Amino acid sequence: MAKKFKVGFIGCGSVIQVFHIPGYRKTAGIEFAAACDPGKKQREAVQRMCPGIRVYSDYQKMLASEQLDLISVASPNRFHAEHTLASLAHGAHVLLEKPPVLEMKDCRRIEKAAAANKGQLIVGFTQRFTPAHIRVRKLIEDGAIGDPYMLRIRWAHRGPYPGWAQSRWFYDPQLAGGGALWDMGIHAIDLALWLLGPVRSVQAM
């Protein structure tokens, strides 16, 4: 019998409810084991979606009580590093929501932890899996369009519609890290790196 992966969630807000849970449901061999969130409303919503899942208000208690194979980290951005490092130390694979961290020093800490622990880490940069973007990358790699010297990426939407953010953290710069740049612009930054390679210099005006 194939192994079942026990999945846990750190953060139970809209991203988990709208994207992660339906996504995991399309994957064979997944068991919704545990979830934590300080918000009672968010915990109860995940309980309704995943009957039998064990819920916690403290992620440390969840990690001490459970043996999880895979953890989705979808807490407020400010806590991504803390929660990811704890999940990797737990021995779990980690799906980390974007933006991965708010400071580069935390990125280095996570890189080291992922290399030292058995768990694999992926950041939710979903644009890398879009067929059109995969095609563009292949054209660049094949030299079909020459050597690119400029890339323009533009995203636009109406912002977080009422009801999307289930608490105030999304609007708090100390917790979210910023506005549109961190929320949507981070996808454009990742896509530019993925298509054209490392940044050598940065200018702004």
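The rules behind these values
- By convention here, each chain's residues receive numbers from 1 onward along its written sequence.
- Only residues with pLDDT of 70 or above have their local features reported here, since the model is predicted, and side-chain atom pairs are shown and tallied only from 80 upward, although totals for entire chains, interfaces and linings are computed over all residues.
- Hydrogens are left out, water is left out, and the side-chain values use all remaining heavy atoms of the structure.
- Secondary structure elements follow DSSP: runs of H or I of four or more residues count as helices, runs of E of two or more count as strands, with numbering from the N terminus.
- Note on method: radius of gyration uses C-alpha positions; expected globular size equals 2.2 Å times residues raised to 0.38.
- We call a residue buried when its accessible area falls under 20% of the maximum for its residue type, exposed when it is over 50%, and partly exposed in between, using a 1.4 Å probe and counting protein chains only.
- The contact criterion used throughout is that any non-hydrogen atoms of two residues lie within 4.5 Å.
- Criterion used throughout: strands pair if DSSP finds at least two bridges between them.
- Axes, fitted as lines to C-alpha atoms, cover a helix only where it is in contact. Angles between the N-to-C directions of the axes lie from 0 to 180 degrees.
- Pairs were defined over the aromatic rings of Phe, Tyr and Trp, the Trp ring being its six-membered one, requiring ring centres within 6.5 Å. Orientation was assigned from the angle between planes: stacked under 30 degrees, edge-to-face over 60, tilted for the rest.
- If the strands point away from the viewer and the path from the first strand over the helix to the second runs clockwise, then the crossover is right-handed.
- Patches were defined on residues exceeding 30% relative accessible area and lacking a salt bridge, with like-charge contacts within 9 Å and nonpolar side-chain contacts (Val, Leu, Ile, Met, Phe, Trp, Tyr) within 5 Å.
- For the area figures, the Shrake-Rupley method with a 1.4 Å probe applies, and any residue is considered shielded solely by the protein chains shown.
- We define a salt bridge as a contact between a side-chain nitrogen of Lys or Arg and a carboxyl oxygen of Asp or Glu at a distance within 4 Å.
- In protein, a polar contact means a hydrogen-donor-capable atom and an acceptor-capable atom, both N or O and within 3.5 Å, with residues adjacent in sequence counting only if both atoms are side-chain atoms; elsewhere, any N or O pair within 3.5 Å suffices.
- Cysteine sulfur atoms that come within 2.5 Å of each other are treated as a disulfide pair.

Visitor: Sorry if this is basic, but what is going on with the overall build of the chain here?
Guide: On a plain count of helices and strands, the chain comes out with eight helices and six strands. Along the chain, from the amino end to the carboxyl end, the secondary structure elements read β-α-β-α-β-α-β-α-β-α-β-α-α-α. Taking 2.2 N^0.38 as the reference for a compact globule, 205 residues should give roughly 17 Å; the C-alpha atoms of the chain span a radius of gyration of 18 Å, in line with that estimate. Looking at the chain as a whole, 39% of its 205 residues qualify as buried. Sequence separation of at least 24 residues holds for 65% of the intrachain contacts in the chain that already meet a minimum separation of 6.

Visitor: How do you make sense of the sheet that holds strand β1 (residues 5-10) when you look at a structure like this?
Guide: What holds strands together in a sheet is hydrogen bonding between their backbones, with the strands either parallel or antiparallel. If you walk across this open sheet you meet the six strands as β3-β2-β1-β4-β5-β6, and the pairing is parallel. Here the strands that pair on one side only, and so sit at the sheet edges, are β3 (54-56) and β6 (121-123). Between one strand and the next, the sheet's axes are offset by a mean angle of 20 degrees, whatever the strand orientation. Bridging between strand β2 (residues 30-36) and β3 involves three bridges; their strand directions are parallel. If you follow C36 over to β3, its bridge partner there is Y56.

Visitor: I tried to follow the packing of aromatic side chains on my own but got confused; where do I start?
Guide: Both the distance between ring centres and the angle between the ring planes are used here to describe each pair of aromatic rings. What the rule picks out here adds up to five aromatic pairs. Arranged with centres 6.4 Å apart and planes meeting at 70 degrees, the rings of Y24 and F32 form a pair that is edge-to-face. Across the pair, exposure class does not vary: Y24 and F32 are buried alike. Pairing F170 with Y171 gives two aromatic rings, centres 5.6 Å apart and planes at 80 degrees, and the pair type is edge-to-face.

Visitor: Help me out: how do you make sense of the pairing of strand β4 (residues 70-73) in this one?
Guide: On a regular strand, each side chain points to the face opposite its neighbour's, so the side chains alternate between the two faces of the sheet. Along β4, one buried face is formed by L70 and S72 and the opposite face, lined by I71 and V73, is buried too. Here β1 runs beside β4; their pairing, made up of four bridges, is parallel. Counted as the bridge partner of I10 is V73 from β4. As judged from the four bridges shared by β4 and strand β5 (residues 93-96), these two strands associate in the parallel manner. Opposite I71, over in β5, you have V94 as the bridge partner. Note on the crossover from β4 through helix α4 (residues 80-89) to β5: the handedness is right-handed.

Visitor: Even after reading the chapter, I still don't get a nonpolar patch on the surface, so can you show me in this structure?
Guide: A contiguous nonpolar patch, built from L181, I189, L193, V199 and V202 and spanning about 490 Å² of accessible area, is present on the exposed surface. By the element assignment, L181 lies in helix α8 (residues 180-196). On the basis of relative accessible area, L181 is assigned to the exposed category, the value being 57%.

Visitor: What is the right way to look at the side chain of D69 in this model?
Guide: Along the chain, D69 falls in the loop between α3 (59-65) and β4. Under the relative-accessibility criterion, D69 is labelled buried at 17%. Looking at D69, its side chain comes within polar contact range of the main-chain nitrogen of K6, at 2.8 Å. Apart from residues no more than four positions distant in its own chain, D69 is found in contact with K3, K4, F5, K6, A92 and H93.

Visitor: Got a minute to help me understand the state of the cysteines in this structure?
Guide: By definition, a disulfide links two cysteine residues through a covalent bond between their sulfur atoms. For the coordinates displayed, the defined rule picks out zero disulfides. Free cysteine C50: the closest other cysteine sulfur is in C12, separated by 8.9 Å. A relative accessible area of 2% places C50 in the buried class.

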